[in-house]
Amino acid sequence: MKHITLRIISILLVLTLIVQFPMNARAASAVTSAELTLYHLLNEDRARHGLNGLILDEELCRIARIKSQDMVDNRYFAHHSPTFGNVRSMLTFFGVDYLSAGENIARSRSVYHSNAAFLSSEGHRRNMLSSAFTHVGIGIVTNAYGHVTVTEIFVRR
C-alpha cells in the first residue's frame, strides 16, 4: 500500500511539473542570465582544451531546470530522481531524441563556484570536456539564500 501511495504521489508531482512547465510555453523555456553565464563558462573551458562549443538547447534547459526544481522540492541531491529516474529516463519521458546523454549536478553558493566544482571533479569534467556531446541544457534554481542548484544535461544528436 505504501509503495502504491508513493507512486501516486510521484505521478501527481510529474503532472504538476508538466503543467508548470508546458512544452510549448516560451516563458517556461527561456534561458536565464545565470544559465547563459554558466553556458559561456562551459564553452570557454571547452575552447581552452581545443574543443568545439556545445549548442545550447532551450528544451534541454527546460528539462534541466525541472530536474533542479525536483531536487529542491523533494529535498534530495542525486543523479537518480525519485520522480524521473536517471537522465536517460527523464529525456525519454519528455520525448527527447538523443544518441548519448550525461548529467552534471551541483549545489553551491554561485554559478562560478558550481563551474569550478565541476572542473575539479573527474566525472563532471569528463562530461564537460567530452567531444561525444553536441548539445547542452543548463537549468538553475536559486533558493531564498541565493544558493544555486544546477543541472547540466549533455546529449549527442
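No experiment lies behind these values; they were computed from the predicted model shown. (Residues numbered from 1 in each chain as written. Predicted model: local features only at pLDDT ≥ 70, side-chain atom pairs only at ≥ 80, totals over all residues. Heavy atoms only, no water.)

Re the confidence of the model for the chain
Interpretation of the predicted coordinates at a detailed level should be avoided for regions scoring low in pLDDT.
Okay, so step 1: Residue-level pLDDT values for the chain average 87, and 82% of them are 70 or greater.
Okay, so step 2: Long-range and interchain partners of residues 3-27, a stretch whose pLDDT sits below 50, account for 21 contacts in this model, where long-range means more than four residues apart. (pLDDT = per-residue confidence, 0-100. Contact = heavy atoms within 4.5 Å.)

Description of the pairing of strand E3 (residues 135-142)
Okay, so step 1: Within E3, seven of the eight residues are buried, leaving the element largely enclosed by the surrounding structure.
Okay, so step 2: One ladder, built from two bridges, connects strand E1 (residues 55-56) with E3; its direction is parallel. The partner of Leu56 across the bridge, within E3, is Val136.
Okay, so step 3: Here E3 folds back onto strand E4 (residues 148-156), and the loop between the two strands holds five residues, one of which, Gly146, carries a positive phi near 90°. (Buried < 20%, exposed > 50% of the residue type's maximum accessible area, 1.4 Å probe, protein only. Helix = DSSP H or I, 4+ residues; strand = E, 2+ residues; numbered from the N terminus. Pairing = 2+ DSSP bridges.)

Regarding unusual backbone geometry
Okay, so step 1: Located in the positive-phi region is Arg75, a residue other than glycine, with phi close to 50°.
Okay, so step 2: Within the secondary structure layout, Arg75 lies in the loop between helix H4 (58-73) and helix H5 (87-93).

Some thoughts on the nonpolar core
Generally speaking, soluble globular proteins have nonpolar side chains that are buried together.
Okay, so step 1: Of all hydrophobic cores here, the largest spans 17 residues; its most connected members are Leu38, Val136, Ile140, Val150 and Phe154.
Okay, so step 2: If you list the elements that add at least two residues to this core, you get helix H3 (33-48), helix H6 (111-120), E3 and E4.
Okay, so step 3: Here the element with the most residues in this core is H3; it accounts for four residues.
Okay, so step 4: Not counting residues within four places of it along the chain, the set of residues in contact with Val150 comprises Leu38, Ser68, Met71, Asn104, Ile105, Ala106, Ser114, Phe118, Gly139 and Ile140. (Core = buried A, V, L, I, M, F, W, Y, C linked by side-chain atoms within 4.5 Å.)

Section: the environment of Leu99
Okay, so step 1: The residue Leu99 is located in the loop between H5 and strand E2 (100-108) in this model.
Okay, so step 2: Measuring from C-alpha to C-alpha, the distance between Leu99 and Ala132 comes to 9.6 Å, with 33 residues separating the pair along the chain.

Observations regarding the sheet that holds E4
Okay, so step 1: Here we have four strands laid out as an open sheet, ordered E1-E3-E4-E2, and mixed in their pairing. The open sheet has two edge strands, E1 and E2, and neither has a second partner.
Okay, so step 2: Along the sheet, H4 contacts E1, E2, E3 and E4; its crossing angle with E3, the most-contacted strand, is approximately 35°.
Okay, so step 3: Taken strand by strand, H6 contacts E2, E3 and E4, and its axis lies near 125° from that of E2. (Axes fitted to C-alpha atoms, helices over the stretch in contact; angles between N-to-C directions.)

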